[in-house]
Each structure stands twice: as structure tokens, then as C-alpha cells.
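Reading the structure
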Amino acid sequence: MSNHQLPPLPYAYDALEPYIDTQTMQIHHTKHHQAYVDNLNKALTGSEVASWPLEQLIRNLHQVPEAIRTQVRNHGGGHLNHSLFWNMLTPNAPATPEGDLAQAINATFGSFESFKEKFTAASLALFGSGWAWLVLNPSKSLEISTTPNQDNPLTNNLTPILGLDLWEHAYYLKHQNRRADYIGAFFHVINWGHVNQLFKQALS
Ligand code: MN
């Protein structure tokens, strides 16, 4: 029996105003994320992989029975991506990365501003729906990457450190077609302390 559940938001729905609006947060969490959870549970019902933890499913998609693999990829990926995303945001965001991650970003991209430019360019260049990511690759180097739909970097053996939801449902109510405005707003609410923790976990 599979019993994946919607995790509570770690802050109030209006906490990220004015950068991410209350109505978007409510619909995004209670409707979109809930639907990924419900559809994942439905797909896994009666399956031999029903008891697998979420990360194991996404990391080992090729071992998931083919009959439900696409549903697990889309809805399990959606559940994992959003669970990660909420914790990567905070109303009390520092302006720039902290600690070891700050040093690694400077070493990899030249400066934080240069990283921000490259991440923004990758986010703008993604066609259709998907995610932009800062990941750690198997050589333990930072990379910017994007995934289509609800694919997660773990499936490609990359560890996500920071992710940005680029589906229109994440920004259309406030920004309509102006994806660049949404990306700019996102940089005001990044939980760099948490992202630094994910970086250190991925390194160890
Ligand atoms: Mn979303």
C-alpha cells in the first residue's frame, strides 16, 4: 500500500509576498502538489514498488515496472520536485549564498552575479514546462541544468541543490507571460541556508 502524503508548507501561504503571491501558493500547494501525490498513490496501488520511498522510485525509474513508469516519473517527480521546492524558499532570505556553497559558486561560475545570470538564462531558454536546477554532478562539481516536465535530476545521477519551478502554474496569476519577472522574484526568497545544507549533504 502506497501512502505518500502532501507535506505541510514550512511557512504561511502569504509568507513569500510580494515575490510569490498568496493565491498562487495556495493553488500550487493544495491543488497541483496534492494532485501529484494522489496520482502517484493511484499509480502505485498494487505495485511491487508500492513500498519504495519516493527518492528510490525517482533514482531508479528504470526498475519501476514499465506499465506505471511514466506515471511514477510524472507524478512521483512532481511530488518530489515540489517537496524540495517549498523548502528551498523562505520569507527570511539572505541576499546571497552562504558558507561552503558561496565559495563553490564563486569557484565554479566566477561570482554569484555570474551564476545568477547563467541560471536565469537557462530558465528563460527552457521551452514549455519544466525546472531549472543547480545540481552536484558525480564528480562533485556544481552545474546548472534543466529538466522537462516533472523530471528530477536524480534520475540522471545528478543531485539537486536548488530548483526553480518553471511551469506556468507557478507564476501565471501574478506575472502572466513574464517569466523573467518571476525568476527575478525567486531570487528574493531563496533559502540559501537550507540550500547550503543540501550542498554539504551531497558532497559527503
Ligand atoms: Mn509546480
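Residues numbered from 1 in each chain as written. Predicted model: local features only at pLDDT ≥ 70, side-chain atom pairs only at ≥ 80, totals over all residues. Heavy atoms only, no water.

**Things to note about the overall build of the chain**
Looking only at helices and strands, the chain has eight helices and three strands in total. When the helices and strands of the chain are placed in sequence order, the string is α-α-α-α-α-β-β-β-α-α-α. Its C-alpha radius of gyration of 17 Å places the chain within 12% of the 17 Å reference for a compact globule of 204 residues. Counting only C-alpha atoms and orienting by the principal axes, one finds that the chain spans roughly 50 × 40 × 30 Å. Looking at the chain residue by residue over its 204 residues, the buried ones come to 50%. (Helix = DSSP H or I, 4+ residues; strand = E, 2+ residues; numbered from the N terminus. Rg over C-alpha atoms; globule rule 2.2 N^0.38 Å. Buried < 20%, exposed > 50% of the residue type's maximum accessible area, 1.4 Å probe, protein only.)

**Remarks on the coordination of the manganese ion**
Angles between donor atoms at a metal ideally measure 109.5 degrees for a four-coordinate tetrahedral arrangement and either 90 or 180 degrees for a six-coordinate octahedral one. Ligation of the manganese ion by protein atoms is provided by His28 (NE2), His82 (NE2), Asp165 (OD) and His169 (NE2), these donors lying 1.9 to 2.1 Å from the ion. As a motif over one chain, the donors of the manganese ion read H-x53-H-x82-D-x3-H. Note that His82 is positioned in helix H3 (residues 66-87) and His169 in the loop between strand E3 (159-165) and helix H6 (172-175), a separation of 87 residues in sequence. By the burial criterion, His82 is buried, and His169 matches it. (Donors = N, O, S within 2.8 Å, 3.2 Å for Na, K, Ca; no water.)

**Things to note about the packing of aromatic side chains**
Overall, the coordinates contain 14 aromatic pairs when judged by the stated rule. A centroid spacing of 5.3 Å and a plane angle of 90 degrees characterise the contact between Phe85 and Trp131, whose relative ring orientation is edge-to-face. Taken together, the residues Phe85 in helix H3 and Trp131 in strand E1 (residues 130-136) connect sequence positions 46 residues apart. Considered together, Phe85 and Trp131 belong to a single accessibility category, that of buried residues. Plain terms: the ring middles of Phe112 and Trp192 are 5.9 Å apart, the flat faces sit at 85 degrees to each other, and that makes the pair edge-to-face. Of this pair, Phe112 sits in helix H5 (residues 112-125) while Trp192 sits in helix H8 (residues 192-203), and the two are 80 residues apart along the sequence. Comparing Phe112 with Trp192 shows no difference in burial state: the two are buried. An aromatic cluster is present here, built from Phe85, Trp86, Phe109, Phe112, Phe115, Phe119, Trp131, Trp133, Phe186, Phe187 and Trp192 joined pairwise through their rings. (Phe/Tyr/Trp six-rings, centres within 6.5 Å; stacked < 30°, edge-to-face > 60°.)

**Describing the environment of Ala121**
For Ala121, the location among the structural elements is in helix H5. The exposure class assigned to Ala121 is partly exposed, which follows from its relative accessible area of 43%. Separated by 59 residues in the primary sequence, Ala121 and Ala180 have C-alpha atoms spaced 9.2 Å apart.

**Details of H5**
The terminal C-alpha atoms of H5 lie 20 Å apart, and with 14 residues this matches the ideal 20 Å at 1.5 Å per residue to within 8%. Every buried residue of H5 is listed here: Phe112, Ser114, Phe115, Phe119, Ala122 and Ser123. Packed against the buried residues of H5 are helix H4 (99-109), E1, strand E2 (142-148), E3, helix H7 (179-186) and H8. (Expected span 1.5 Å × (residues − 1). Contact = heavy atoms within 4.5 Å.)

**Some remarks on the nonpolar core**
Among the nonpolar cores identified, the biggest contains 57 residues, and Phe115, Leu142, Leu162, Leu164, Phe186 and Trp192 are the most heavily contacted of them. Residues within four places of Leu164 in sequence aside, it is in contact with Phe85, Phe119, Ser123, Gly130, Trp131, Ala132, Tyr182, Ile183 and Phe186. (Core = buried A, V, L, I, M, F, W, Y, C linked by side-chain atoms within 4.5 Å.)

**With respect to the side chain of His175**
Secondary-structure assignment places His175 in helix H6. In this view, His175 contacts Tyr19, Asp181, Tyr182 and Ala185; residues no more than four positions away in its chain are not counted.

**Some words on the sheet that holds E1**
Read from one edge to the other, the open sheet built from three strands follows the order E2-E1-E3, with strand pairing classed as antiparallel. Since the sheet does not close on itself, it has two edges, and those belong to E2 and E3, each with one partner. For this sheet, the mean inter-axis angle between neighbouring strands, taken without regard to orientation, is 25 degrees. Relative to E2, H4 is tilted by about 85 degrees, and along the sheet it contacts E1, E2 and E3. (Pairing = 2+ DSSP bridges. Axes fitted to C-alpha atoms, helices over the stretch in contact; angles between N-to-C directions.)

**Overview of unusual backbone geometry**
Following Glu17, the chain continues into Pro18 via a peptide bond in cis, with omega recorded as 0 degrees. You can see Pro18 is positioned in the segment before helix H1 (22-44). Phi is positive for Gln176, close to 50 degrees, though the residue is something other than glycine. Relative accessible area serves as the criterion here: at 29%, Gln176 is assigned to the partly exposed category.

These figures come from the coordinates and say nothing about function on their own.
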